[in-house]
Amino acid sequence: MLREIRPAIVLLLALTTITGLAYPLAMTGIAGAIFPAKAQGSLIEKDGKVIGSTLIGQEFRADRYFHGRPSATLAPDPNDSTKTVPAPYNAANSGGSNLGPTSKALADRLKEDVDKLKAENPNAAVPVDLVTTSASGLDPDISPEAAQFQVPRVAKVRNMSEDALKQLVAANTEGRLLGLLGEPRVNVLALNLALDRASAK
């Protein structure tokens, strides 16, 4: 019986070592050598300090900044651990709201958001990604249309020309991967950093 069990144990140990240790270490090493910034989390630094990642969204509430997609992520309530509270872009609890199309809470939130955005820019249609959450709740990007929609508000608060801001949005718009995959997008954190640099000039 030991003769039959020994090959199974040896095979288990060999496969565990290869697939659980050697392969991940090799892929990590190769990724670190070929794509060092991406392998380290695509971190963004300002004045030598990490302020975020291009992969995870951040909440910008001030009118002087471009806003990202709404986030439905939650965190435990500090006052009652049996409950949760909204915690936008909480990477420790990635996920959507799970509210369906017949949910009154979802319909009320959408109506409130759309009304607020229409008051902000009554002459343009509200882009859908400014009122809908992503499946992960961590989406760092918005569509170019969503960024352009916010130009009048940001221009007014910062006392900048709308044309200058439109050019800034265009300069920070990434196209489809290989010209085919995905949709054009604007990273909100990168755009806001570029906005601060442009305002400081």
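Residues numbered from 1 in each chain as written. Predicted model: local features only at pLDDT ≥ 70, side-chain atom pairs only at ≥ 80, totals over all residues. Heavy atoms only, no water.

Enquirer: What is the right way to look at the pairing of strand 3 (residues 74–77) in this model?
Expert: Each regular strand shows side chains that alternate between the opposite faces of the sheet. Relative to strand 4 (residues 80–86), strand 3 runs antiparallel, the two sharing 4 bridges. Looking at strand 4, one finds that A75 is bridged to V85. In this antiparallel pair of consecutive strands, strand 3 and strand 4, the connection spans 2 residues. (Pairing = 2+ DSSP bridges. Helix = DSSP H or I, 4+ residues; strand = E, 2+ residues; numbered from the N terminus.)

Enquirer: What is the right way to read a nonpolar patch on the surface from this model?
Expert: On the surface, a nonpolar cluster with roughly 550 Å² of combined accessible area is contributed by M1, L2, I5, I9 and L13. M1 sits in the exposed class, given a relative accessible area of 74%. (Patch = residues over 30% accessible without salt bridge, like charges linked within 9 Å, V, L, I, M, F, W, Y side chains within 5 Å. Areas by Shrake-Rupley, 256 points an atom, 1.4 Å probe, with all protein chains shown as cover. Salt bridge = Lys/Arg side-chain N within 4 Å of Asp/Glu carboxyl O. Buried < 20%, exposed > 50% of the residue type's maximum accessible area, 1.4 Å probe, protein only.)

Enquirer: Looking at this model, I keep getting lost on the pairing of strand 2 (residues 49–53). Mind explaining?
Expert: Where strand 1 (residues 43–46) lies against strand 2, 4 bridges are found, and the strand directions are antiparallel. If you follow L43 over to strand 2, its bridge partner there is S53. Here strand 1 folds back onto strand 2 in antiparallel fashion, the turn holding 2 residues, of which D47 has a positive phi close to 55 degrees.

Enquirer: I'm lost on the nonpolar core in this one. Help?
Expert: Among soluble globular proteins, nonpolar side chains are generally buried collectively. Ranked by internal contacts, the top residues of the largest apolar core, which has 24 residues, are F66, L165, V169, L191 and L195. Looking at this core, the elements that each hand over two or more residues are helix 4 (144–149), helix 5 (151–158), helix 6 (162–171) and helix 7 (188–200). For this core, the element with the highest residue contribution is helix 7, accounting for 6 residues. With residues near it in sequence (within four places) discarded, L191 still touches F66, A147, L168, V169, N172 and V186. (Core = buried A, V, L, I, M, F, W, Y, C linked by side-chain atoms within 4.5 Å. Contact = heavy atoms within 4.5 Å.)

Enquirer: Looking at this structure, I do not really get the packing of aromatic side chains. What am I missing?
Expert: Aromatic rings in a pair are described by how distant their centres are and how their planes are angled relative to each other. Applying the stated criterion across every chain yields a total of 1 aromatic pair. Here the aromatic rings of F60 and Y65 are separated by 5.5 Å at their centres, their planes lie at 45 degrees, and the arrangement is tilted. Judged by its relative accessible area of 16%, F60 falls in the buried class. A relative accessible area of 18% places Y65 in the buried class. (Phe/Tyr/Trp six-rings, centres within 6.5 Å; stacked < 30°, edge-to-face > 60°.)

Enquirer: Can you help me understand the pattern of salt bridges in this one?
Expert: Think of it this way: side chains of opposite charge can pair up when their charged atoms draw near. Counted under the stated rule, the structure contains 11 salt bridges. A salt bridge links D80 to K83, with the nearest nitrogen and oxygen atoms 3.9 Å apart. Among the ionic pairs, D113 bridges to R109, the shortest N-O distance being 2.7 Å. Of this pair, D113 and R109 both sit in helix 3 (residues 104–120), 4 residues apart, which is roughly one turn of the helix. The partly exposed category is assigned to R109, whose relative accessible area is 24%. When salt bridges that share partners are traced, they join D141, E174 and R185 into one network.

Enquirer: I'm lost on the environment of V154 in this one. Help?
Expert: One can find V154 in helix 5. Using a relative accessible area of 0% as the deciding quantity, one classes V154 as buried. C-alpha separation for the pair V154 and G179, spaced 25 residues apart in sequence, amounts to 30 Å. If we skip the residues at most four places from it in the chain, V154 touches D63, R64, Y65, F66, L165 and L195.

Enquirer: Would you explain helix 7 in this entry?
Expert: Spacing of three or four residues puts side chains on the same side of an α-helix, whose turn is 3.6 residues. Helix length check: helix 7, at 13 residues, gives a terminal C-alpha distance of 18 Å against a target of 18 Å (1.5 Å per residue), a fit within 8%. Taken as a whole, helix 7 has its buried residues at V188, L189, L191, N192, L193, A194, L195 and D196. The residue sitting at the N-terminus of helix 7 and contributing the capping side-chain oxygen is N187; that oxygen lies 3.2 Å from the backbone nitrogen of L189. (Expected span 1.5 Å × (residues − 1). Polar contact = N/O pair within 3.5 Å; in protein donor to acceptor, adjacent residues only side chain to side chain.)

Enquirer: Explain the sheet that holds strand 7 (residues 185–187) here, please?
Expert: Strands sit in the order 5-7-6 across an open sheet of 3 strands; the sheet is antiparallel. Of all the strands in the sheet, the pair left with one neighbour each is strand 5 (141–142) and strand 6 (173–174).

Fair warning: the whole summary comes from geometry, so function is off the table for now.
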